[in-house]
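# A look at the structure
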Amino acid sequence: MKPVHWRRMLPALLAVSLTALGVVAASPPAGAAAAPILPGPFDDSFYTPPSPLPAGKPGDVLRWRPSVPLLNVANADAWQVMYLSTDAQGHPDAVTGTILVPKGADPAAAPIVGYAVGTQGPAFKCTASKAMERGTLYDQPAINDSLSSGYAVAVTDYEGYSPATVPTYITGQSEGPAVIDSVRAAQNLPAARLAKTAKVIFQGYSQGGGASMWAGEKQPAYAPELNVVGVVAGGVPADLTEVAKGLDGYVGFGFLAFAAVGLDAAYPDLKLDSFLNDTGRQQLADAKKNACVAELLLNYSFKRISDYTTASPLDTPQWRARLAENKLGAHPPRVPVFQYHASIDEIVNTPQAEALHRTYCAAGVREQWQTYVADHATGILAGNADAHQWIVKRFAGDPAPANC
């Protein structure tokens with residue numbers, strides 16, 4: 001007999017259980033829509049946003065379902081959610097993510113880490129929530145550190161991860177709201193029982209370092225109600241133009257190609273396809289369907305923009321303008337920051353990140369800057385322990401260090 005997947009059984013089981021128990025919808029927080037009582041869907045259609053999007057506010061939960069992350073099943077309750085957010089052009093969009101609450105913790109007293117994952121890849125199969133369920137998410141040690149300390153964690157998938165869409169990779173104007181609204185969604189999900197007044201820290205590395213910093217920059221205007229007490233950001237791609245210069249023709253070219261695809265998905269006016277040659281169209285189409293991080297490295301190392309285009313889009317006014325919109329530093333965070341970087345980072349060059357550190361210091365941000373003797377991939381592990389201790393101390397209310 002063919003086994004029945006647990007997700008196919010849950011809707012019927014939960015419907016019977018909820019009806020039998022007389023469960024009704026929890027009262028939504030003021031100004032927020034009520035989260036659905038029943039979970040689902042339980043197949044990949046979960047990731048496809050409803051069309052048109054329902055009315056609501058950023059952070060409202062549109063759908064949810066139980067999740068079983070392999071590395072966390074013993075110590076956290078977990079739910080996948082789809083929530084309202086805001087895209088790079090200021091329009092409403094829908095984003096998925098995962099909410100984790102440590103077992104044994106009092107949710108009402110738990111701080112929340114809004115965790116922004118690093119690069120996953122353009123293919124739908126690479127979605128962070130899928131990687132978490134497979135047990136292959138390389139950010140998992142940092143997430144587990146927070147869970148072990150009694151903190152809830154909200155992990156965004158970022159905009160565009162669905163069977164029919166393309167992720168808006170590395171686009172800070174999209175990533176910042178996605179991270180912020182994952183925390184709002186965690187607070188709006190009745191099953192999580194998290195407090196609206198909970199202390200919040202944004203954390204991430206690489207793409208996630210940029211995304212967490214964007215969340216820190218946008219939060220005062222976008223989500224002033226959140227009780228944010230810090231930002232932890234490693235391997236930050238602060239200046240995409242400078243990062244691109246270090247990738248063209250080198251080992252990390254696949255990340256540059258993915259960044260072009262992501263920006264084009266965020267801004268249709270960029271018209272990436274009009275710059276591509278036949279090789280570019282074929283290989284980028286394949287990457288959108290099949291490439292995760294390993295493929296970006298294995299299949300695209302040492303390639304050049306000129307291998308895929310008839311003319312470089314980076315030289316045009318439209319692309320330069322969009323890259324400028326997604327350069328960090330214009331609105332420094334109003335909370336303490338721990339920023340760290342690998343000293344021999346071959347993917348996200350260190351000088352442009354250090355320039356952001358100087359910008360924040362000049363603006364009065366209380367920032368600690370730390371480098372580690374590591375390359376990009378090992379930098380996340382090199383910084384994890386210090387990053388976690390910084391988080392622990394901020395949630396405890398200790399004064400933040402600074403080395404400006």
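Definitions and limits used
- Residues numbered from 1 in each chain as written.
- Predicted model: local features only at pLDDT ≥ 70, side-chain atom pairs only at ≥ 80, totals over all residues.
- Heavy atoms only, no water.
- Domains from an automatic or database assignment.
- Buried area = accessible area lost by both parts, 1.4 Å probe.
- Salt bridge = Lys/Arg side-chain N within 4 Å of Asp/Glu carboxyl O.
- Nonpolar A, V, L, I, M, F, W, Y, C, P; charged D, E, K, R; others polar.
- Pairing = 2+ DSSP bridges.
- Helix = DSSP H or I, 4+ residues; strand = E, 2+ residues; numbered from the N terminus.
- Axes fitted to C-alpha atoms, helices over the stretch in contact; angles between N-to-C directions.
- Contact = heavy atoms within 4.5 Å.
- Disulfide = S-S within 2.5 Å.
- Parallel < 35°, antiparallel > 145°, perpendicular 65-115°, else oblique.
- Buried < 20%, exposed > 50% of the residue type's maximum accessible area, 1.4 Å probe, protein only.
- Right-handed = clockwise from strand over helix to strand, strands pointing away.

### Topic: the domain arrangement of the protein chain
- Parsing the protein chain into structural domains produces domain 1 (57-239 + 332-396) and domain 2 (242-321).
- A straight line from the C-alpha centre of domain 1 to that of domain 2 covers 25 Å.
- When domain 1 packs against domain 2, the two sides together hide about 2,000 Å² of surface, and 71% of this comes from carbon and sulfur.
- Considering only the side of domain 1, the residues that lose the most area to domain 2 are Pro122, Tyr169 and Ile347, jointly responsible for 30% of the buried surface there.
- Taken together, the connections running from domain 1 to domain 2 amount to zero salt bridges.
- Here the residues of the side of domain 1 that touches domain 2 sort into 14 nonpolar, nine polar and three charged.

### So, the sheet that holds strand β6 (residues 199-205)
- Ordered by their spatial adjacency, nine strands build an open sheet running β1-β2-β3-β5-β4-β6-β7-β8-β9, and the pairing between neighbours is mixed. What marks the edges here is a single partner per strand, and that holds for β1 (61-66) and β9 (367-372). Neighbour-to-neighbour, the strand axes of the sheet open up by a mean angle of 20 degrees, direction not taken into account.
- Two strands pair when backbone bridges link them, and strand β7 (residues 227-234) and strand β8 (residues 337-342) are joined in this way by four bridges, in the parallel orientation. Along β8, the bridge assignment pairs Val232 with Phe338.
- Taken strand by strand, helix α4 (residues 172-188) contacts β1, β2 (76-86), β3 (92-102), β4 (112-116), β5 (152-156) and β6, and its axis lies near 130 degrees from that of β2.
- Contacting β8 and β9, helix α12 (residues 350-362) runs over the sheet at an angle of about 160 degrees to β8.

### Notes on the state of the cysteines
- Per the counting criterion, the structure on display carries two disulfides.
- Note on cysteine connectivity: Cys361 is disulfide-linked to Cys404, with sulfurs 1.9 Å apart. Because the torsion about its S-S bond is -75 degrees, the bridge between Cys361 and Cys404 counts as left-handed. Here the residue Cys361 occupies a position in helix α12, and Cys404 occupies one in the segment after α13 (376-395), the gap between them amounting to 43 residues.
- Cysteines bonded in the protein chain are numbered consecutively along the chain; their disulfide partners then correspond to 1-2, 3-4.

### Side note on the packing of α4 against helix α5 (residues 207-222)
- Where α4 contacts α5, the two axes come as close as 7 Å, and the packing angle between them is 75 degrees. When the interaxial angle is binned, α4 and α5 end up roughly perpendicular. Across the interface between the two elements, Gly172, Gln173, Glu175, Gly176, Pro177, Val179, Ile180, Asp181 and Arg184 of α4 pack against Gln207, Gly210, Ala211, Trp214, Ala215, Lys218, Gln219 and Tyr222 of α5.
- Looking at the contact of α4 with α5, its residues break down into seven nonpolar, six polar and four charged.

### Details of the pairing of β6
- Burial analysis of β6 places six of its seven residues in the buried class, which makes it a mostly covered element.
- Both β6 and β7 contribute to a ladder of seven bridges, which runs parallel. Across the sheet, the residue bridging to Tyr205 is Gly234, located in β7.
- After leaving β6, the chain enters α5 and then returns to the sheet as β7, a path that is right-handed.

### Digging into the pairing of β2
- Counting buried residues along β2, 10 of its 11 residues qualify, which places the element largely inside the surrounding structure.
- Pairing geometry for β1 and β2, over five bridges, is antiparallel. Looking at β2, one finds that Trp64 is bridged to Val81.
- Pairing of β2 with β3 involves 11 bridges; the strand directions are antiparallel. By the bridge assignment for β3, Asp77 is matched with Val101.
- Between β2 and β3, which pair antiparallel one after the other, the connecting turn spans five residues, and Gly90 there sits at a positive phi close to 85 degrees.

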